[in-house]
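In case you want the letters, here they are:
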Amino acid sequence: MSGWETYVRKVEPYVPGEQPKRKVIKLNTNENPYPPSPRVQKVLDGFDAEELRLYPDPEAADLIEAIALEKGLSKDQIFVGVGSDDVLAMSFLTFFGSDKPILFPDITYSFYDVWAELFRIPYVQIPLQKDFRICIEDYKRENGGIVIPNPNAPTGIAESLDAIEEILKTNPDSVVIIDEAYVDFGTKSALALLPKYENLLVVQTFSKSRSLAGSRIGYAMGSPKLISYLNDCKYSFNSYTMDRLTIQIGKASMEDTPYFKEQVDRIVETREWAKEQLRRLGFTFLDSKANFIFASHAKMAAAVIFAALKEKDIYVRYFNKPRIDNFLRITIGTKEEMERLFAALEEILQQA
Ligand code: PMP
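It should be emphasised that the depicted structure is a prediction, and the values quoted were computed from it without experimental measurement.

Procedures and definitions
- Residues numbered from 1 in each chain as written.
- Predicted model: local features only at pLDDT ≥ 70, side-chain atom pairs only at ≥ 80, totals over all residues.
- Heavy atoms only, no water.
- UniProt positions renumbered as here; feature names shortened; annotations may be inferred.
- Helix = DSSP H or I, 4+ residues; strand = E, 2+ residues; numbered from the N terminus.
- Buried < 20%, exposed > 50% of the residue type's maximum accessible area, 1.4 Å probe, protein only.
- Contact = heavy atoms within 4.5 Å.
- Arc of directions from axis to C-beta.
- Near = heavy atom within 4 Å.
- Polar contact = N/O pair within 3.5 Å; in protein donor to acceptor, adjacent residues only side chain to side chain.
- Domains from an automatic or database assignment.
- Buried area = accessible area lost by both parts, 1.4 Å probe.
- Salt bridge = Lys/Arg side-chain N within 4 Å of Asp/Glu carboxyl O.
- Phe/Tyr/Trp six-rings, centres within 6.5 Å; stacked < 30°, edge-to-face > 60°.

## Things to note about the UniProt feature "modified residue: N6-(pyridoxal phosphate)lysine" (unreviewed entry) in the chain
At step 1: UniProt feature "modified residue: N6-(pyridoxal phosphate)lysine" (unreviewed entry): in the numbering of this structure it lies at Lys208.
At step 2: Counting through the fold element by element, Lys208 comes out in the loop between β7 (200-205) and β8 (218-222).
At step 3: The exposure class of Lys208 is buried, given its relative accessible area of 14%.
At step 4: Not counting the four nearest positions on each side in its chain, Lys208 is found in contact with Thr29, Asn30, Asn32, Ala181, Tyr182, Phe185 and Asn291.

If you want it as structure tokens, here you go:
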């Protein structure tokens, strides 16, 4: 290794799901199968390129105001970023400065250990129980912070608000981040606990339930003190994270609650129907409260099904990792997409 290479900050990066150029049935990255609110299209149609001459509002005030109004919070309780990935990364950097390890589940969003490695944060991955649930007792040990996704990914399993509160009660000296990327599909948000816990940070995203993965908008909600620390770090890194168009897109989307609810209801309905279809085909799966299902088949290996589906231009997600290497994570698409998935699975499973 040449001299300078010794000093490179080396890290094994997160690998996102494939984004194929060809048109396929894409059930691999938990995107929303429906378009964003028509109000978003209106913003795009009315946007004047001349506006791009100027820097955007570093505070993204229009977007923050819309989120505050919808969530019943004050503006100083909200932080926005380029997807919740950006918000979470900034939160790791801001809040996890202890020498004690941060805690998160062993089976979870695979970006957490990447950020911990990148920022040199010590961490311990707490094994999920046999049934893939989080054991709350395991989070009653010394730590430098806690991150829990609720519902968890890729399992889709949701923990109760009481369980989340138990973690907060026993960890008053740590920042506890609840990553609620999939909360809108049927989990109680930890937002209700914000008035009681100054050390709670709730992170949500426009990528899933609001159909805006392509715009990259995420946000954190917490006590004014937490948000102020987050802003200090953000302004020490990049003042203008949200561009002019994105701020307006996010605002328009957040203001269209009826449309948002309608699309979420459709996805939840399709998810529950999809569970019946998977059962009929001999799959077992975890009780997902997200916009995906984590499923396994007794007669055919997940890796084989994954490859066979890909052959048919149907993309799902497969993780070749201990304990979950016989599962497929299937994003809930439109009813039509799911019907095509099940027809393909029926054909593939005939070879089982
Ligand atoms: N948290 C979890 C648990 C996720 O699955 C994802 C999606 N990959 C994210 C956060 C990040 O989503 P985004 O950056 O699109 O908001």
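## Remarks on the UniProt feature "domain: Aminotransferase class I/classII large" (unreviewed entry) in the chain
At step 1: Within the UniProt annotation, "domain: Aminotransferase class I/classII large" (unreviewed entry) is assigned to residues 23-345.
At step 2: Annotated as 37% helix and 15% strand, the span residues 23-345 places its first and last C-alpha atoms 19 Å apart.

## A closer look at helix α7 (residues 224-234)
At step 1: Of the positions making up α7, those classed as buried are Leu226, Ile227, Leu230 and Lys234. The buried residues of α7 occupy an angular sector of 95 degrees when the element is viewed end-on, so they sit on one face.
At step 2: Next to the buried residues of α7 lie β2 (78-81), α4 (83-95), β7 and β8.

## Some thoughts on the site of the ligand
At step 1: Neighbouring residues of the ligand: Gly83, Ser84, Asp85, Leu88, Tyr109, Asp179, Ala181, Tyr182, Thr205, Ser207, Lys208 and Arg216.
At step 2: Ser84 has a polar side-chain atom sitting 2.6 Å from an oxygen atom of the ligand.
At step 3: Within the contact set of the ligand, a nitrogen atom lies 3.2 Å away from a side-chain nitrogen or oxygen of Tyr109.
At step 4: A per-element tally of the shell around the ligand places α4 first, with 4 residues.

## Points about unusual backbone geometry
At step 1: The omega torsion across Asn150 and Pro151 is -5 degrees, close enough to zero to call that bond cis.
At step 2: Cis geometry is found at the peptide bond from Ala153 to Pro154, where omega equals 5 degrees.
At step 3: Relative to the assigned elements, Pro154 resides in the loop between β5 (146-149) and α6 (161-170).
At step 4: In this structure, Asn30 is a non-glycine residue whose phi angle is positive, near 55 degrees.
At step 5: The residue Asn30 is located in the loop between β1 (25-26) and α2 (38-46) in this model.
At step 6: In this structure, Phe132 takes a positive phi of about 70 degrees despite not being glycine.

## Digging into the domain arrangement of the chain
At step 1: Split into domains, the chain comes out as domain 1 (17-35 + 258-349) and domain 2 (38-255).
At step 2: In this structure, domain 1 and domain 2 have C-alpha centres spaced 25 Å apart.
At step 3: Counting each side, the surface lost to burial between domain 1 and domain 2 is near 2,000 Å², with a carbon and sulfur contribution of 63%.
At step 4: Per-residue buried area on domain 1 facing domain 2 is highest for Phe260, Lys289 and Arg323; these three make up 32% of the total on that side.
At step 5: Taken together, the links from domain 1 to domain 2 amount to 1 salt bridge.
At step 6: The salt bridge involving Asp106 is made with Arg323; its shortest N-O contact spans 3.1 Å.
At step 7: Between the two partners, domain 1 and domain 2, sit 9 residue pairs in polar contact (both at pLDDT 80 or more).
At step 8: Of all elements in the fold, only α9 (257-280) and β10 (292-297) reach the threshold of two or more residues within the side of domain 1 that touches domain 2.
At step 9: When residues of the side of domain 1 that touches domain 2 are assigned to their parent elements, the largest contribution, 6 residues, is made by α9.

## So, the packing of aromatic side chains
Here a ring pair, both rings aromatic, is described through the centre-centre distance and the interplanar angle of the planes.
At step 1: Under the definition given, this model contains 19 aromatic pairs.
At step 2: Ring centres of Tyr55 and Tyr240 lie 4.4 Å apart, and the angle between their planes is 15 degrees; on these two criteria the pair is classed as stacked. In this pair, Tyr55 sits in the loop between α2 and α3 (61-71) while Tyr240 sits in the loop between α7 and α8 (244-255), placing the two residues 185 residues apart along the sequence.
At step 3: Judged by relative accessible area, which is 35%, Tyr240 ranks as partly exposed.
At step 4: A ring pair is formed by Tyr112 and Trp115, whose centres lie 6.4 Å apart and whose planes are at 35 degrees; its orientation type is tilted.

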